[in-house]
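# A look at the structure
As a plain string of letters, each chain reads:
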Amino acid sequence: MMRDFATVWSERGLLLSGLGNTVLLSVLAGVAALVLGALLSTLLMSPRKALSLPAKWLVDLARCTPFLLFAYIVYYGLPSLGLQFDAWSAGLFALTAYHAAYMAEILRAAWAAQPRAPIEAGVAFGYSGLGLFRRIVLPPLALSSAPVLGNQLIQIIKDSAFLTIITLPELTHAVSSIQSRHFSRAAVLGAVSGGGGRRGHGRPHGRGAALKPVQKPITMLTLIPLLSVQSLRKSYGNLRVLDDISFTVAPGETVCLLGPSGSGKSTLLRCINWLERPDSGRILIDSQPIGITSGGVVMNDQQLAQVRTRIGMVFQQFALWPHLTVLQNVMEAPVHVQHRPKDAVRAEAEALLQRVGLFDKRDVFPARLSGGQKQRVGIARALAMKPALMLFDEPTSALDPELVGEVLAVMRDLAAEGMTMLVVTHEMAFAREAAHRVVFMDHGVVVETGTPEAFFEAPSTERGRQFLQRFSEGRAMAAG
């Protein structure tokens, strides 16, 4: 045994040289493959086929080629095309190009698996551009793809063993050389077992081998509306979703948008903060236009982001940021979009969580909350922006019946305190009790508008009477 150790020690220079080459090649190739893979994944997801198809062919070609053959082509085949590499550069190029294809597929799959609601919430809360990517998009993307990317980096280390074919002396090549001179196999292999070795012959290189990565009326104090929607229209192809929609919301008023599913209520809400771009019409907050400037120019992302900070939005599917705790969700936009002092924001966020009954959940991640708890966090998150207007997009439709009450209780309190709210809802009891006005929509048009008492007791239109009758019949059947 001592003699075996002496053999290893006497050849330490060769072992360290091979280990150094393996580590350096693997690190450089891993970083370069990740960068190139990110670029390829962007091309793979491009809507332009002129970009996506060539990228797909390149990725599939690399993934269908055994690495040994790929390395031969790089070192022995490319020179015939006038591309000359030394052994070290050829090894780095082969590892980078080959594994970039796998990295591209890993990143593409991770992006495809990301829910869009949290990203949309980031836009609605005033993020744009690099800030949106860095704070909202990248963290959950990195968390979901990191285990698979880690496996791919390990595979790069294993594949470095094949570079001996281009006379690049890496670690396993050093082991083979020592064995051939000293005929001592066990000690040498034991000494380098922590540094990587040749990969087995059973790993397939076909398409299937890609690693797969493991959402009561009050007296208005002013006649100047806080929100004004004027002649709004929106279509998807030949489908007219919103047709000449006009209404106002006064400061401190709660307006409920009612109507059957598919009547355009949610689309209207999304058009108000330009998550959907209207085809025509105007939207004003405190007489200031949203989306299009007074000069008729469409606002850029930064201008829209600034306007959106005045509008709080509560989403139907919660849309919390999964990589942040409850407290961090509430603090995120005030700190990083509005740039308010962190200590002051923390105190306000904790007070809001007390208000919605979730202070004890402040350090919990959204995945560990019930639906009703998630929605109350969503309300606190929107309130933390100190918005002039709150938008609620069917905030209870995704909840179990037992959880609806806790969310509606918070909303009733906000209405009683004078928060200006526009609420899309199917909760008729809430609309009757808390709304100052209701707006009834059907097939993309405003059918009628008025006080809850007028609408629920004596609707002015036949369509309104039909809607309430069917709603009453539905409740009777559910109760029976």
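See above for the structure.
What comes next concerns the included structure.

Cut-offs applied
- Residues numbered from 1 in each chain as written.
- Predicted model: local features only at pLDDT ≥ 70, side-chain atom pairs only at ≥ 80, totals over all residues.
- Heavy atoms only, no water.
- Helix = DSSP H or I, 4+ residues; strand = E, 2+ residues; numbered from the N terminus.
- Buried < 20%, exposed > 50% of the residue type's maximum accessible area, 1.4 Å probe, protein only.
- Areas by Shrake-Rupley, 256 points an atom, 1.4 Å probe, with all protein chains shown as cover.
- Phe/Tyr/Trp six-rings, centres within 6.5 Å; stacked < 30°, edge-to-face > 60°.
- Axes fitted to C-alpha atoms, helices over the stretch in contact; angles between N-to-C directions.
- Left-handed = near helix turned anticlockwise from the far one by under 90°.
- Contact = heavy atoms within 4.5 Å.
- Nonpolar A, V, L, I, M, F, W, Y, C, P; charged D, E, K, R; others polar.
- Parallel < 35°, antiparallel > 145°, perpendicular 65-115°, else oblique.
- Pairing = 2+ DSSP bridges.
- Core = buried A, V, L, I, M, F, W, Y, C linked by side-chain atoms within 4.5 Å.

### Some remarks on the overall build of the protein
Of the regular secondary structure elements, the protein holds 18 helices and 10 strands. Expressed as a percentage of the 480 residues in the protein, the buried residues total 48%. Looking at the protein as shown, the accessible area adds up to about 23200 Å², and 59% of this sits on carbon and sulfur atoms.

### Some remarks on the packing of aromatic side chains
Counted according to the given criterion, the structure contains 10 aromatic pairs. Where Phe-440 meets Phe-455, the ring centres are 5.6 Å apart and the plane angle is 35°; that geometry is what we call tilted. Placement of Phe-440 in strand S9 (residues 437-442) and of Phe-455 in helix H17 (residues 452-457) is noted, with a sequence separation of 15 residues between them. Assessed through its relative accessible area of 0%, Phe-440 is described here as buried. The buried category is assigned to Phe-455, whose relative accessible area is 2%.

### A look at unusual backbone geometry
Positive phi, normally seen in glycine, also occurs at Trp-274, with a value near 65°. Classification of Trp-274 by relative accessible area gives buried; the value is 10%. Residues other than glycine seldom take positive phi values, yet Ala-319 does so here, at roughly 60°. Counting through the fold element by element, Ala-319 comes out in the loop between strand S6 (311-314) and helix H12 (326-336). For Ala-319, a relative accessible area of 1% puts it in the buried group.

### Quick word on the packing of helix H3 (residues 49-63) against helix H5 (residues 87-113)
Pairs of packed helices are described in terms of their axes, by the angle between the two and the distance that separates them. Taken N-terminus to C-terminus, the directions of H3 and H5 make an angle of 115°; their axes are 8 Å apart at the nearest point. The chirality of how H3 crosses H5 is left-handed. Every residue of H5 that contacts H3 at Val-59, Ala-62 and Arg-63 is listed here: Tyr-98, Ala-101, Tyr-102, Ala-104 and Glu-105. Tallied by class, residues from the contact of H3 with H5 come to six nonpolar, no polar and two charged.

### So, the packing of H12 against helix H13 (residues 342-355)
At a minimum axis distance of 9 Å, the contact between H12 and H13 shows a crossing angle of 135°. When the axis of H12 is compared with that of H13, the two are oblique. Between H12 and H13 the crossing geometry is right-handed. Residues Val-326, Leu-327, Val-330, Met-331, Pro-334 and Val-335 of H12 form the contact with H13, whose participating residues are Lys-342, Val-345, Arg-346, Ala-349, Glu-350, Leu-352 and Leu-353. Considered class by class, the residues forming the contact of H12 with H13 number 10 nonpolar, no polar and three charged.

### Thoughts on the pairing of strand S3 (residues 254-258)
Along S3, five of the five residues are buried, which leaves the element largely enclosed by surrounding structure. Taking every second residue as pointing to the same face, both faces of S3 are buried, with Thr-254, Cys-256 and Leu-258 on one and Val-255 and Leu-257 on the other. Bridge count between S3 and strand S8 (residues 421-424): four bridges; the pairing is parallel. Along S8, the bridge assignment pairs Thr-254 with Met-421. By the bridge criterion, four bridges tie S3 to S9 in an arrangement that is parallel. Note on S9: the bridge partner recorded for Val-255 is Arg-437.

### Some thoughts on the nonpolar core
Soluble, globular proteins show a tendency: their nonpolar side chains are buried together. Grouped together as the largest cluster of nonpolar side chains are 94 residues, with contacts concentrated most on Leu-227, Leu-258, Leu-268, Ile-379, Met-390, Phe-392 and Leu-422. Ranked by the residues each element gives to this core, the list is headed by helix H15 (residues 401-416), at eight residues. Residues Ala-29, Leu-44, Leu-149 and Ile-156 belong to the second largest nonpolar core, which totals 29 residues.

### Quick word on the sheet that holds strand S4 (residues 280-285)
Taking strand neighbours across the sheet as the criterion, the four strands line up as S2-S1-S4-S5 in an open arrangement whose pairing is antiparallel. Two strands close off the open sheet at either side, each with one partner strand: strand S2 (239-249) and strand S5 (288-289). In the sheet, strand S1 (residues 227-236) pairs with S2 via seven bridges, with the strands oriented antiparallel. Its bridge partner lying in S2, Leu-227 is registered against Val-249. Taken strand by strand, helix H10 (residues 265-272) contacts S1, S2 and S4, and its axis lies near 115° from that of S1.

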